[in-house]
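Residue-level structure breakdown
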Amino acid sequence: MFELDGLLSGLYKIISDWFISHDIPVVWLDLLVMLFAAAAVIAALLLTALFLVWWERKISAHIQDRLGPMRTGPHGVLQTIADAIKLLQKEDIVPDAADKKVYFWAPVVAFVAAFLAYIVMPFGKGLIARDLNIGIVYIVAITSFTVISLLMAGWASNNKYALLGGMRSAAQIVSYEVPLTISLLGSVMLAGSLSMVDIVEAQGPYFWRWYWLPQILGFGIYFVSATAEANRTPFDLPEAEQELVAGFNIEYSGMKFAMFFLAEFINAFTISAVATTLFLGGWQPPLPGLAFVPSWIWFLAKTLFLVFVLMWFRWTYPRLRVDQLMDFAWKFLLPLAFVNLVLTGLGVYFFN
Amino acid sequence: MIDTERQNLRDEEFLINMGPQHPSTHGVLRLMLKMEGEFIRGITPHVGYLHRSIEKIAENRTYNQFTPFTDRIDYCASMPSNLAWATAVEKLAGIEVPERAEYIRVIMVELNRIASHLIWLGTMSLDLGAVTPFLYAFREREWILDLFEMTCGQRLTYHYIRIGGVSRDIPPEFEKSCRAFIKDFRTRVDDYEAILTENPIFLGRTRGIGILPLGLAKDLGASGPTIRGSNYPWDIRRAEPYSVYNKFDFEIPTGKNGDVWDRYIVRIREFRQSCRIIEQALDGLPEGDMIRAKMPAVLRPPAGEVFSRIEAPRGEMGYYIVSNGDKKPYRVKIRTASYGNLQTLAPMSLGWKIADLVAIFGSIDVILPEVDR
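Given the structure is predicted, the values throughout are model-derived calculations rather than measurements.

1. Notes on the overall build of chain A
A count of helical and extended segments in chain A gives 13 helices and 0 strands. Reading chain A from its N terminus to its C terminus gives the helix and strand order α-α-α-α-α-α-α-α-α-α-α-α-α. Expected size for 352 residues packed as a compact globule is a radius of gyration near 20 Å; at 21 Å, chain A falls within 12% of this value. With respect to the three principal axes, the spread of C-alpha positions in chain A is 60 × 55 × 40 Å.

Listed below in structure tokens is the structure:
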């Protein structure tokens, strides 16, 4: 019921029959399907980003005893759309002394990289654009594109605050990449596969068999490192408002700023989605009896819950200092990630 | 060849202009920072962006006309500014203030101290990246502003404490609302402590950062919570009691090491002490309707000079008045706490990171109109 994969494969079958009956090579259909998948993923993500901006404002408001946006639409749901339209109309300012080409491409890199991770994201049963056999490695590789865009933005703006922000982000993201990747290996070892679909299916529809329980350490390390990777409080040093005004995006205005902004929210969604896939059973229902709820709803629910936790962090904690941040990554998270890896290895060796 | 290349690649100190428009300079302070990467190697504060020549204005106003200007010296704590001016002129002219008025003054000043510290708490936690305490602090401040509005009709620049007393009596519903506020506020302070005091990130950002040695603090004229954080119980309310402060029982919280956390905890404890003082003042509030001393329509204090100081939320605030017997003062010099406290910023922050500078600046609670006047 409401499972989208059956609907989609049915559609595919009808259209491919039509292609065959008209003697058109099926490779064209495959190309069309790819385009359709890309368009669907981008549209869904843009909507998600718009929703997340509104959701974050609402959550922060309720944590802080406020109401948040209330005027545009019921409970302000249209607020982000209004903001995006406003940003579209803004003048696109390029500082005179900026490195124009790099300045232009930085938000594009951020924006595109944010979307690329979703190629291998299993949104639901059969709902995946491409099931790469190296799925999780691909995600780790793609998400580190962010650092390039932030460094580009920080450097090209020719602003000292932006440069400091860019440098901070480079140091931070590269450092946290290491414990993050190692913490993911635990789940990979348990599932015995790098493919996102295989990892989800290996976890099965019982919530106590999902990898958060055997990988509780890995889950924690991953979530903390990923928070740092996505530049969210308490690790939002690259754009620390009170120190660096706005950090790397200080000179950006209009739609370029909006691209950074939306990319940030998509990244927050990405890290939650990866955590859902690897540790919370992806689209699997918590109990087999709950399978009547479509798989993509389970995926969304778990991911949005993790996004909520991220936002909860953000509106509760102060910000770390740059050296404390580094200490935390190298002296605490990394050894812990190795311990987790060794323990998982022993566990797999003895219990399998 | 290698040498010249290395020379081209050498590290450079660079100047950053922090302010006058910057989210955490709390107004229009401008700091020229000499940075080596994230480290601060030199600080030059530039003040004067908010200079309104209030001291000169005083020479062209009668004593009563000048009172509203004192509101604008420290707009986060107008009541103490009013009180400092009023006590100085009363000392100069030998005016006896009715006791009820003194009690009302103490209540108002302590409420304003809480309100001012709340702004400090909010902005300092904002500087450290915690946004939520900021809105919590402003929520509580709102109640205090309602109390003030109920009393004098104003929410920011009160012009309530006048020479010789206060402008009007407190309304009948004030006491109940004030007591309810104190009761509620005590639990709120516990909330702030729960969210900040023992938070490991907060401790990491404040413990051992920006240590102010007592000797240096004395040399630079620091006062208020800034010097009390360096383990020196210097409080004018106790050292040179003015108004009716000698009738109240309260403690002077001090810190141990003089770091950011000590200055933070001093102010948090002052919240509780202010609550105690307000409760005692409400209990001991004398009956009657005398709230202002009988004074001539135009006040002409005898020739002479006077210095009088009070403990404002940010520290010692004093007025030095020279009178030549005219209806206008001959010269007024205002000693404000923020100016002395601001001077401690540069020696405290050298060698720390830019993120610490923001924390240290937040912890000394400087307000710029007070620095520039």
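Alright, that's what it looks like, and here's the rest.
2. Quick look at the overall build of chain B
Within chain B, the secondary structure is distributed over 16 helices and 8 strands. Computed over its C-alpha atoms, the radius of gyration of chain B comes to 22 Å, within 12% of the 21 Å expected for a compact globule of 373 residues. Judged by the C-alpha coordinates and their principal axes, chain B covers about 85 × 50 × 35 Å. Out of the 373 residues in chain B, the part that is buried amounts to 50%. Contacts spanning at least 24 positions in sequence make up 70% of the contacts within chain B whose residues lie at least 6 apart.

3. Section: the environment of L184 of chain A
All names here are of chain A. Within the fold, L184 resides in helix 7 (residues 160–191). Judged by the 27 C-beta atoms lying within 10 Å of it, L184 falls in the buried class. Each C-alpha atom, one on L184 and one on F219, is 8.1 Å from the other, the two residues being 35 residues apart in sequence. Aside from chain neighbours lying at most four places away, what touches L184 is I136, V140, Y222 and L278.

4. Looking at the confidence of the model for chain B
Chain-level statistics for chain B give a pLDDT mean of 85 and a share of 97% at 70 or above. ipTM for the predicted complex: 0.74, alongside a pTM of 0.81.

5. Considerations on the environment of T316 of chain A
Within the fold, T316 of chain A resides in the loop between helix 12 (295–314) and helix 13 (322–351). Exposure remark for T316 of chain A: the 17 C-beta atoms within 10 Å place this residue in the partly exposed category.

6. Digging into the interface of chain A and chain B
Chain A puts 21 residues into the contact, and the matching count from chain B is 26 residues. Going through the elements one at a time, helix 10 (241–244) and helix 13 of chain A are the ones with two or more residues in the side of chain A that touches chain B. Looking at the side of chain A that touches chain B, the element that brings in the most residues is helix 10 of chain A, giving 3 residues. Its residues assigned to classes, the side of chain A that touches chain B shows 9 nonpolar, 5 polar and 7 charged.

7. Things to note about unusual backbone geometry
Non-glycine residue H75 of chain A carries a positive phi angle of around 55°. With respect to the secondary-structure elements, H75 of chain A resides in the loop between helix 2 (26–63) and helix 3 (79–89). Residue H75 of chain A is classed as partly exposed on the basis of its 14 C-beta neighbours within 10 Å. Even without glycine at this site, H159 of chain B takes up a positive phi of about 50°. One can find H159 of chain B in the loop between helix 6 (132–152) and strand 4 (161–162).

8. Quick look at the sheet that holds strand 7 (residues 315–323) of chain B
Residue and element names in this part refer to chain B. With antiparallel pairing, 3 strands are arranged side by side in an open sheet as 6-7-8. The sheet is open, and its two borders are formed by strand 6 (304–312) and strand 8 (331–335), each paired with just one other strand. Strand-to-strand, the axes of this sheet are offset by a mean angle of 10°, without reference to chain direction. Here 5 bridges tie strand 7 to strand 8, and the two strands are oriented antiparallel to one another. Looking across to strand 8, one finds that Y320 is bridged to K333.

9. Some words on the sheet that holds strand 2 (residues 30–36) of chain B
Residues and elements named next belong to chain B. Strand order in the open sheet made by the 3 strands is 1-2-3, with antiparallel pairing throughout. Of all the strands in the sheet, the pair left with one neighbour each is strand 1 (14–18) and strand 3 (39–46). In this sheet, adjacent strand axes meet at a mean angle of 25° when their direction is disregarded. Inspection of the sheet shows strand 1 paired to strand 2 by 5 bridges, in the antiparallel sense. For I16, the partnering residue across the bridge sits in strand 2 and is L33.

Parameters and conventions
- Residues numbered from 1 in each chain as written.
- Chains lettered and ligands numbered in written order.
- Predicted model: local features only at pLDDT ≥ 70, side-chain atom pairs only at ≥ 80, totals over all residues.
- Helix = DSSP H or I, 4+ residues; strand = E, 2+ residues; numbered from the N terminus.
- Rg over C-alpha atoms; globule rule 2.2 N^0.38 Å.
- Buried ≥ 20, exposed ≤ 12 C-beta atoms within 10 Å, placed from the backbone.
- Contact = placed C-beta atoms within 7 Å.
- pLDDT = per-residue confidence, 0-100.
- Nonpolar A, V, L, I, M, F, W, Y, C, P; charged D, E, K, R; others polar.
- Pairing = 2+ DSSP bridges.
- Axes fitted to C-alpha atoms, helices over the stretch in contact; angles between N-to-C directions.

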